[in-house]
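Spelled out from the first residue to the last, the chains are:
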Amino acid sequence: MQTRIKEFRARYDLTQEDLAKKVGVRRETIGFLEKGKYNPSLKLAYKVAKCLNSTLDELFIFDDSDL
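This is a predicted model, so every value here is computed, not measured.

Participant: What is the right way to read the packing of helix α2 (residues 16-23) against helix α3 (residues 27-35) from this model?
Facilitator: When two helices pack together, their arrangement is given by the angle between the helix axes and by the axis-to-axis distance. Two elements in contact, α2 and α3, have axes separated by 8 Å at closest approach and are oriented at 110°. If you check the angle between α2 and α3, you find them roughly perpendicular. Contact with α2, carried on its side by Gln16, Glu17, Leu19, Ala20 and Val23, involves Arg27, Ile30, Gly31 and Glu34 of α3 and no other residues of that element. Here the residues of the contact of α2 with α3 sort into four nonpolar, two polar and three charged.

Participant: How do you make sense of the pattern of salt bridges when you look at a structure like this?
Facilitator: It is possible for side chains bearing opposite charge to pair when their charged atoms get close. Under the definition given, this model contains five salt bridges. Between glutamate 7 and arginine 4 there is a salt bridge, with the nearest N and O atoms lying 2.7 Å from each other. Owing to a relative accessible area of 27%, arginine 4 belongs among the partly exposed residues under this scheme. One salt bridge in this structure joins glutamate 34 and arginine 9, with 2.6 Å as the shortest N-O distance. Of this pair, glutamate 34 sits in helix α3 while arginine 9 is found in helix α1 (residues 5-11), placing the two residues 25 residues apart along the sequence. Residue class for glutamate 34 comes out buried when judged on its relative accessible area of 17%. Residue classification places arginine 9 among the buried residues on the basis of a relative accessible area of 10%. Each of Arg4, Glu7 and Arg11 takes part in one network of salt bridges that share partners.

The rules behind these values
Residues numbered from 1 in each chain as written. Predicted model: local features only at pLDDT ≥ 70, side-chain atom pairs only at ≥ 80, totals over all residues. Heavy atoms only, no water. Axes fitted to C-alpha atoms, helices over the stretch in contact; angles between N-to-C directions. Helix = DSSP H or I, 4+ residues; strand = E, 2+ residues; numbered from the N terminus. Parallel < 35°, antiparallel > 145°, perpendicular 65-115°, else oblique. Contact = heavy atoms within 4.5 Å. Nonpolar A, V, L, I, M, F, W, Y, C, P; charged D, E, K, R; others polar. Salt bridge = Lys/Arg side-chain N within 4 Å of Asp/Glu carboxyl O. Buried < 20%, exposed > 50% of the residue type's maximum accessible area, 1.4 Å probe, protein only.

All we've got here are geometric facts, nothing functional implied.
In structure tokens:
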């Protein structure tokens with residue numbers, strides 16, 4: 001899965017640490033999400049999208065080969 005978290009985070013001038021604090025995870029988790037190395041729970045994905053004034057569809061890019 002690919003994400004646009006880094007792109008959206010830059011729009012709001014947020015560091016990984018800033019976003020992590022807002023959604024209640026560690027900075028490393030945000031880094032793993034951005035690199036596509038971690039698939040978030042639906043709850044976490046929703047929190048991230050909400051913090052970035054985005055939707056799940058805008059923020060997360062699902063590839064059928066990931067299934």
